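Structural overview
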Amino acid sequence: MPSSLLLSTLSPLQAEIRQTSVWWLPRNVNMFGHEIDFIFYVILWITGITAVAVFSVMIYFIVKYRARPGVPAIHSHGNSALEVIWTTIPVFIFLALAIYGNEQWTQMRLRTPPADALPVAVVGEQFGWNVRYPGPDGKLAKMTASKVSKDNPFGIDPQDPDGRDDFTTYGELVFPVGRPVRLYLSSKDVIHAFYVPEFRLYQDMVPGRVYDFVWFKAEATGHFQLACNQLCGQGHYKMFGKLSVVPEPEYEAWAKGKAPATTAGSEANSSTPVAVAGR
Amino acid sequence: MSTATLTSSGHVPASAGGPRFTLPKFGMLVFLASEAMLFAGLIGGYIVLRLAQGPGNWPPPGAPEIGVRIPPTFLNWVMIVNTVILLSSSLTFHWGEVRMRKGGSGLIGYALTALLGAIFLGVQAWEWHHLKGEGMWFDSFGTYGSCFFTMTGFHGLHVLLGLLGVLWVAARAGLRQMKLFSGQTPNPSHTFEELTGYYWHFVDVVWIFLYSILYVL
Amino acid sequence: MSTIAASHVAEAHGHGHEEATGWKKYIWSLDHKIIGLQYLFTSLGFLLVGGALALLLRWQLAYPSTQVMPNGDVGNPMSLPFINPQFYNALFTMHATVMVFLVVMPLLIGAFGNYLIPLKIGTGDMAFPLINELSYWFFLASGLIMLAGFFVAGGAAAGGWTSYAPLSTVAAYNGTKMGQTLWAAGIFINGLASIMGAFNYITTIVNMRAPGLGFFRLPLTVWALFITAFLLLLAVPVLSAAGAMLILDLNFGTSFFNPAKGGQPLLWQHLFWFFGHPEVYIMILPAMGMASDVLSIFSRKPIFGYKAMVFAMIAIGFLGFIVWGHHMFVSGMNLVLSAAFGVSTMVIAVPSAIKTFNWLGTIWGGSIRFTTAMLNALAFVAMFVIGGFSGIFMASTPVNIFVHHTYFIVAHFHYVLFGGSIFAIFASIYTWYPKMFGRMLDETLGKIHFALTFVFFNLCFFPMHNVGLGGMMRRIADPTAYEHLRSLQPINQFITLSAIGLGFSQLIFFWNFFRSLKHGQPAGKNPWQATTLEWTVDSPPGHGNFAVTPTVYHGPYEYSLPGHSRDFVMQNEPPAPDAGSGSPARRPVHAG
């Protein structure tokens, strides 16, 4: 297959996206991403060095101990001291990795989100994203997983005063830079997943449950794609959403331009389903 | 170092001969470990689903009450008696085996076992029918109906399979009895009886677990 | 009483059954060797099916039929228009299902387990030959039932081989009610076949070893299959229970996994992965055992640290049951539990590391013969190292948040399953083909096949690490639909071309395999000068295997023993009269 044919299938348009790090980790904009990248590189160095060592030894043995006439193999059933050494060292390395990883896991997942975090509800459905933002009061209506239904994707109580000024979008997320965001994740039908590689963030969204432990803080502005990363049916491959990180004033302006949701569920039908557009 | 130390479980390799755990019995025990995991999977799922409903929602409002009450309801009595019937069928089977080993046919014990097993299945079918009449089925009352019918159904299928085995055992016992009457030597192999016995006792033990979690706890 | 027991022995051993002849041999034969060959041929057939599915799905990823071209047209001009997104989902679902349940498991356990266990432990047949044959027919039926999904309304199951609920359990969500039901039914029947095999193997290995063959004189292949059988025995029924629940949910309105009616979607994941993680080791342990044997034979050296190898496998077997949660770190499962699973997962990496070091120790100081079998076994070690290392990234809970469900994991498990299991299977086929058919495979063709497979394998799967780290999700029918993935498309196309090369390289193997049945060099009893009992009998062994039950005097790996004329000592070779009871290795019997 000539390489020109390969390249011909790539349009100039496609080439201009993602100018840096095109075949490696995408840039990171989440405060927790630094830790994830750090552990990633620690493991990469440990495994990389070990792999080089193992393969070097292996190749050396393969060359040195190739069968030659008159040179018999050594008769050896093993060496207990060596066994102890190469059992103990991995135990310590792996335990250290597990302990350090758990520390970070605790920071990311088990720490209570800051009080000033912006609450945002995202409820997946085949094949799009219902998004609910708090209005000026900064509070989201309370979500109850068992109340999630076709007409009430967020499972809220229509009488909930906190929900009066909430506004919704479909497939469009805008976050202010530098402010913590706390997600409330759920699903209307099957399991979806909230995945943004630049945020180093993946979380399943399971129907019947509301997950409120995911939070993050974007450290840079930019436009990203939110992708569903849990197989959810035939439209799964194009269940994506728009995700932007903008300066706080820009976010405020965007939020002001959105009309409050009048009822619990009309928003899903009134806005344009971004993810399924063009099917 | 004798050959007796060859295996950790004290079994001597077959070719060495001599008294031992026969292969079919050994295989059956190993197989029953697998069967136990099947029910462990079902029971584990039941526990998860039940705990997820929270206290007070199990059984869900409006569902027929099958749990043991004080004083027991009619349905409670039926299932208590049915449980006693199934458990006593293990005793009758054992009695049959004892008689058989002593040179008898064990026919009465085996036939009683088959009869009790059939009664158990019949009552089980009646219970299903009764509950269905009260609106409870695989697809009603959420996971409550799903769990009850699936678990008793799986067990019922195992009892049915065991019952077929017991019927065959009883038929063999009948043949043995006829040979004894006519002064002939009956078939010396008790393998099939022993295997069926293991299976039948296993099915009874599973019922103790199922009865405990579905009806009592 | 003793006569009764003896009659059972005869009944059970299978020495009692007649040798079937002609075509009947391949339908009714109870001989473990025939059953092993039935498994071998059938699963090689399924390998072609699974490979074809893989190539189709790779083609779609390189040239998506849904790609929007610069001029606005939908569909890459090179795409296959019949691959729509739903069919693509069915392709990867069935590719994984076929490869896991119909290729790797039956090749390792069905084919080599059946063929080698009785031969290696010095007995005539399995404990329960009839159940053994039944297991094969259940396996075949399960495969046909699963593949029948392609021909029913809605198409084959398309929920991934993990079939996460409620996508898999609500017809309105998946659109493949019939295909999904057939999938679950196939899994259930396949499970029955596995369980039949498992208790048969356990009974056989515990009870029917030749005199003198203590547990610690068993070849590692037998040890590995023994431990694998326990994993099958205890893990598979849980999947069967889950599969039954899936069928009931999908067809009879139960609500085990349906949250709309009080069910728990995560229950499916727990049940599936309680099976699924032992399953991972089910697919690698026998490969480890057989690769160990091959490394020892062709290095002319005893296994380095035999007991460490055995205990490492036992440890893997135990730990394999308490790490399933590491597939669910980001499912929303209890977060503290996730941390615990993270630790147990790191711990289970230790025995694998021990095994790798011992393999290196085995070739150290050897006199290495670079046969095709040995090359494949060495490749197994190298690829397993890479696959094991990429697993450490996923085991780290924070990194898992990023790499979960990306192509990084796809690269990881193909390095373990193809790079590990399949290379070990090739090594085993080259090693035991002469025993099975009495003829040698062609070494030149074998080496060409090995070189092409090794190169294309790495060209195909290594770049998947990069694609995954670049953020590409698995299970998407069209990466070009995502702006952030478009820069990765050249790699995707490169991977596809490598996959095609990899796929077509296998034709050399099939050619070699079938040609050598008639035209291969005659093998003789012991072409590799190996020590274990299967090499003491004819190739192929006759019905009943051993004319006289062998007595074992040695461990399984007595290569290059000083003071012997040959560089190997057969396990059943009586010790020289003057050797007496010198070293422990030469004692006629030692406690197991």
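See the structure shown above.
Here is a short report on the structure shown in this document. Along each chain, residue indices are assigned from 1 in the same order as the chain's sequence is written. As a convention, the first chain written is A and the first ligand written is 1, with the rest following in written order. Local features in a predicted model are, by the rule used here, given only for residues with pLDDT of at least 70; side-chain atom pairs are given and counted only at 80 or more, and totals for whole chains, interfaces and linings are based on all residues. Water and hydrogen atoms play no part in the side-chain values, which are based on all heavy atoms of the structure.

Turning our eyes to something else, we now look at the overall build of chain B. Starting at the N terminus, helices and strands are each numbered in turn, a helix being any DSSP run of H or I of at least four residues and a strand any DSSP run of E of at least two. When helices and strands are counted, chain B shows 5 helices and 0 strands. From first element to last, N terminus to C terminus, chain B shows the α and β order α-α-α-α-α. By its C-alpha atoms, chain B is 65 × 50 × 30 Å across when sized along the principal axes. The buried share of chain B, reckoned over its 217 residues, is 51%. Any two residues whose heavy atoms approach within 4.5 Å are treated as being in contact. For chain B, restricting intrachain contacts to residue pairs at least 6 apart in sequence, the fraction spanning at least 24 positions comes to 75%. Note on areas: Shrake-Rupley, 1.4 Å probe, and residue coverage restricted to the protein chains presented here. As displayed, chain B offers around 9800 Å² of accessible surface, 72% of which is attributable to carbon and sulfur atoms. Of the side chains in chain B, 11 bear a positive and 9 a negative charge, and the two mean positions are spaced by 13 Å. Type-normalised accessible area, obtained with a 1.4 Å probe on protein chains alone, sets the label of each residue: buried when under 20%, exposed when over 50%, and partly exposed for intermediate values. Asp and Glu count as negative and Lys and Arg as positive, but His and the ends of the chain are not part of the count. Charged side chains are reduced to one point each, which is NZ for Lys, CZ for Arg, CG for Asp and CD for Glu.

Interface extent is often summarised as the accessible area lost during association of the parts. Taken together, the 91 residues of chain A in the interface contact 107 residues of chain C. Reported buried area values correspond to the accessible surface (1.4 Å probe) lost by two parts on association, with both partners' losses combined. Summed over both partners, the interface of chain A with chain C comes to about 8700 Å²; 71% of that surface belongs to carbon and sulfur atoms. Of all residues in chain A, the largest losses of buried area upon contact with chain C belong to Trp105(A), Leu231(A) and Tyr237(A), amounting jointly to 9% of the total for that side. Any Lys or Arg side-chain nitrogen located within 4 Å of an Asp or Glu carboxyl oxygen qualifies as a salt bridge. Taken together, chain A and chain C are joined by 0 salt bridges. Polar contact is the term for a pair of N or O atoms within 3.5 Å; when the atoms are in protein, one must be able to donate a hydrogen and the other to accept it, and sequence-neighboring residues count only if both atoms are side-chain atoms. Where chain A meets chain C, there are 24 residue pairs in polar contact (both at pLDDT 80 or more). The leading source of residues in the side of chain A that touches chain C is helix H4 (residues 80-110) of chain A, at 17 residues. Of the residues that constitute the side of chain A that touches chain C, the class distribution is 56 nonpolar, 23 polar and 12 charged. Put simply, Ala, Val, Leu, Ile, Met, Phe, Trp, Tyr, Cys and Pro go in the nonpolar bin, Asp, Glu, Lys and Arg in the charged bin, and everything else, Gly too, in the polar bin.

The next thing to look at is empty space enclosed by the protein. All names here are of chain C. Whether a set of points on the 1 Å grid over the protein atoms alone is a cavity depends on a 1.4 Å probe fitting there but being unable to get out, while an open set qualifies as a pocket with protein on both sides within 12 Å along at least five of seven lines; lining residues are those with an atom within 4 Å of a point. Grid points are joined across faces, edges and corners, and a volume is the space filled by probe spheres set on the points. As enumerated under the stated definition, the model contains 5 cavities of 30 Å³ or more in all. Taken as a whole, the largest cavity holds about 150 Å³ of empty space. As for the largest cavity, its lining consists of 17 residues, of which Tyr-39, Ile-109, Gly-110, Ala-193 and Ser-194 are closest to the centre. Those elements that place two or more of their residues in the lining of the largest cavity are helix H4 (85-121), helix H5 (129-148) and helix H7 (177-207). Here the residues of the lining of the largest cavity are counted per class, giving 10 nonpolar, 7 polar and no charged.

In this section: the sheet that holds strand E1 (residues 118-125) of chain A. Residue and element names in this part refer to chain A. Taken in spatial order, the 5 strands make up an open sheet running E3-E2-E1-E5-E8, and their pairing is mixed. The outermost strands of the open sheet, each flanked by one partner alone, are strand E3 (167-170) and strand E8 (215-217). Across the sheet, the axes of successive neighbouring strands diverge by a mean angle of 25°, strand direction being ignored. Lying over the sheet, helix H5 (residues 248-256) contacts E1, strand E2 (128-133) and E3, oriented at roughly 95° with respect to E3. Strand pairing is assigned whenever DSSP identifies at least 2 bridges connecting the two strands. Here the axes come from fitting lines to C-alpha atoms, over the contacting stretch only for helices, and the angles between their N-to-C directions go from 0 to 180 degrees.

For the second largest pocket, the calculated volume is near 1300 Å³. Every residue lining the second largest pocket is counted, 38 residues in all, and those nearest its centre are Met28(B), Phe31(B), Leu161(B), Ile131(C) and Phe199(C). Examining the composition of the lining of the second largest pocket, we find that 9 residues originate from one element, helix H4 (residues 142-181) of chain B, more than from any other.

One finds Tyr133(A), Leu183(A) and Phe194(A) to be the most contacted residues of the largest nonpolar core, which totals 337 residues. The element that contributes the greatest number of residues to this core is H4(C), accounting for 24 residues. In this structure, Tyr133(A) is in contact with Leu118(A), Val120(A), Leu140(A), Asp166(A), Phe167(A), Glu172(A), Leu173(A), Val174(A), Phe175(A), Tyr251(A) and Trp254(A), ignoring residues within four places of it in sequence. Counting 7 residues, the second largest nonpolar core, distinct from the first, contains Leu140(A), Ala141(A), Met143(A) and Ile156(A). Nonpolar cores were defined as sets of buried Ala, Val, Leu, Ile, Met, Phe, Trp, Tyr and Cys residues, with membership established by side-chain atoms within 4.5 Å.

With that settled, the discussion passes to the packing of aromatic side chains. All names here are of chain C. Here the aromatic set is Phe, Tyr and Trp, taking the six-membered ring for Trp, and pairing holds for ring centres within 6.5 Å; pairs whose planes are under 30 degrees apart are stacked, those over 60 apart are edge-to-face, and all others are tilted. The final tally for this structure, using the stated rule, is 98 aromatic pairs over all chains. For the pair Phe-450 and Phe-454, a centre-to-centre distance of 5.7 Å together with 25° between the ring planes defines the contact as stacked. On the criterion of helical spacing, the pair formed by Phe-450 and Phe-454 is a turn pair, its members being 4 residues apart in helix H15 (residues 443-469). Of the residues examined, Phe-454 reaches a relative accessible area of 28% and is grouped as partly exposed. On the basis of an interplanar angle of 55° and a centroid distance of 5.9 Å, the ring pair of Phe-509 and Phe-513 is categorised as tilted. In this pair, Phe-509 and Phe-513 both sit in helix H16 (residues 489-519), 4 residues apart, roughly one turn of the helix.

To continue, consider helix H11 (residues 335-363) of chain C. Side chains that are three or four residues apart share a direction in an α-helix, a result of its 3.6 residues per turn. Residues and elements named next belong to chain C. Taking 1.5 Å per residue as the helical rise, H11 with its 29 residues ought to reach 42 Å, and the 43 Å between its terminal C-alpha atoms agrees with that figure. For H11, the side-chain oxygen to backbone nitrogen distance between the N-cap and Val-336 is 2.8 Å, and the N-cap itself is Asn-334. Gly-365 sits one or two positions beyond H11 and adopts a positive phi of about 70°. A helix's residues, less one, multiplied by 1.5 Å, set its expected span.

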